[in-house]
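Examining the three-dimensional arrangement
What follows is the residue order along each chain.
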Amino acid sequence: IWKEFNDIKAEIEKLEQNIKNNATIVNDYIQSCQEFLFEHEFIDEEYQITKLGKLAIALGSEGNPLLLAKIISNPNITTLTHIDLAALFGMFCVDKVEDYISSNPLLIAGFEMAEEINAKFMNNMAELMLTIDSSWSIGQMYMDIAHDWMSGIPLQQLINTYNIFEGDFVKNMLKLDKLI
């Protein structure tokens, strides 16, 4: 019985140490998240949510609300028409790695601005050892597709021009609808 007792006691001590280690890991991760949110003005020094943070919360979880909030709050965005702005958000409709380059100068400028913000976010996240998932991927192809579709180009012409599948088009337009 004494051996059993010592084995159980050793197991309990091991579990208690694991709990302490996990608590430290969780606390460090939370601190890194807070540092990231502060660095990019989503929270203030007292950990209160800023206007930008509230905007990101209001945008929900479709796409990337942090990046989307930064884009929307950028003063240069006001020069875009409603079609251009909605098309710009097509950057969040990325199905695969793409090498497509938009032909629309306004959308390219908006994308470059977003890409710069995204790069700062991703570099900061890497420094803080935060997880970077697929929601941080952006691309240009669906910007043009969305722009053309909202400008009245028929679906079949879009499918032929951009070599896309109807299902992918519908899925991405539904995603874009949730963003806007």
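To start, this report covers the structure provided alongside it. Computed from a predicted structure; not experimentally measured. (Residues numbered from 1 in each chain as written. Predicted model: local features only at pLDDT ≥ 70, side-chain atom pairs only at ≥ 80, totals over all residues. Heavy atoms only, no water.)

Concerning the nonpolar core
Spelled out, the test is: By nonpolar core is meant a set of buried Ala, Val, Leu, Ile, Met, Phe, Trp, Tyr and Cys residues that side-chain atoms within 4.5 Å join together. Relative accessible area decides the class of each residue, using a 1.4 Å probe on protein chains only: under 20% of the type maximum gives buried, over 50% gives exposed, and in between gives partly exposed. A run of H or I in DSSP counts as a helix once it spans at least four residues, and a run of E counts as a strand once it spans at least two, with each numbered from the N terminus. In this analysis, two residues are considered to be in contact whenever any of their non-hydrogen atoms come within 4.5 Å of each other.
In terms of nonpolar packing, the biggest core is built from 42 residues, with Ile71 and Met91 touching the most fellow members. Of all the elements in the fold, those that place two or more residues in this core are helix H2 (51–58), helix H3 (65–73), helix H4 (82–88), helix H5 (105–127), helix H6 (141–150), helix H7 (155–162) and helix H8 (166–179). Sort the elements by how many residues they give to this core and H5 lands first, with seven residues. Those residues in contact with Ile71 that sit more than four places away from it in its chain are Ile77, Leu88, Phe89, Met91, Phe92, Met113 and Ala114.

Some points on H6
Where burial is concerned, most of H6 is hidden: seven out of the ten residues are buried. Turning to H6, its buried residues are Met141, Tyr142, Met143, Asp144, Ile145, Ala146 and His147. Those residues of H6 hidden inside the fold are in contact with H4, H5, H7 and H8. One or two steps after H6, the chain reaches Gly152, where phi turns positive at roughly 100°.

A word on the layout of surface pockets
Threshold: Only protein atoms enter the 1 Å grid used here, on which a cavity is any set of points holding a 1.4 Å probe that cannot leave and a pocket is any open set flanked by protein within 12 Å on both sides along at least five of seven lines; residues with an atom within 4 Å of a point are listed as lining. Grid points are joined across faces, edges and corners, and a volume is the space filled by probe spheres set on the points.
Its boundaries defined by the atoms lining it, the largest pocket holds a volume of some 200 Å³. Lining of the largest pocket is provided by 14 residues; of these, Phe36, Leu66, Met125, Thr131 and Trp136 occupy positions nearest its centre. When contributions to the lining of the largest pocket are tallied by element, the ones reaching two or more residues are helix H1 (2–39) and H3. When residues in the lining of the largest pocket are grouped by element, the largest group, four residues, is from H1.

Some points on the side chain of Gln140
This is how the line gets drawn: As used in this structure description, the phrase polar contact means that two N or O atoms lie within 3.5 Å; if the pair is within protein, one of them must be able to donate a hydrogen and the other to accept it, and residues adjacent in sequence are counted only when both atoms belong to side chains.
Residue placement: Gln140 occurs in the loop between H5 and H6. For Gln140, a relative accessible area of 9% gives the class buried. Among the polar contacts made by the side chain of Gln140, one reaches the main-chain amide nitrogen of Ser102 at a distance of 2.6 Å.

Quick notes on H8
This is how the line gets drawn: Each residue after the first adds 1.5 Å to the expected span of a helix. When we speak of the arc, we mean the arc of directions from the helix axis to the C-beta atoms.
Taking 1.5 Å per residue, 14 residues should reach 20 Å; H8 reaches 20 Å between its end C-alpha atoms and fits that length. Here H8 has its buried residues at Phe169, Asn172, Met173, Leu176 and Leu179. Along the long axis of H8, the arc covered by the buried residues comes to 105°, so they all point the same way. Exposed positions of H8 whose direction lies more than 90 degrees from the buried face are Gly167, Leu174, Asp177 and Lys178. For H8, the elements touching its buried residues are H3, H4, H6 and H7.

A few points about the packing of H3 against H5
To be explicit about the condition: A fitted line through C-alpha atoms represents every axis, and for helices the fit uses only the stretch in contact; the resulting angles, taken between N-to-C directions, go from 0 to 180 degrees. Each angle is binned into one of four classes, with values under 35 degrees roughly parallel, values over 145 roughly antiparallel, values of 65 to 115 roughly perpendicular, and all other values oblique. In this scheme the crossing of two helices becomes right-handed for a clockwise turn of the near helix relative to the far one and left-handed for an anticlockwise turn of less than a right angle. Amino acid classes used here: Ala, Val, Leu, Ile, Met, Phe, Trp, Tyr, Cys and Pro are nonpolar; Asp, Glu, Lys and Arg are charged; the rest, including Gly, are polar.
Two elements in contact, H3 and H5, have axes separated by 10 Å at closest approach and are oriented at 135°. As far as their axial angle goes, H5 and H3 are oblique. In terms of crossing hand, the pair formed by H3 and H5 is right-handed. Of the residues in H5, those touching H3 at Leu66, Leu67, Lys70 and Ile71 are Met113, Ala114, Ile117, Asn118 and Phe121. The class makeup of the residues in the contact of H3 with H5 is seven nonpolar, one polar and one charged.

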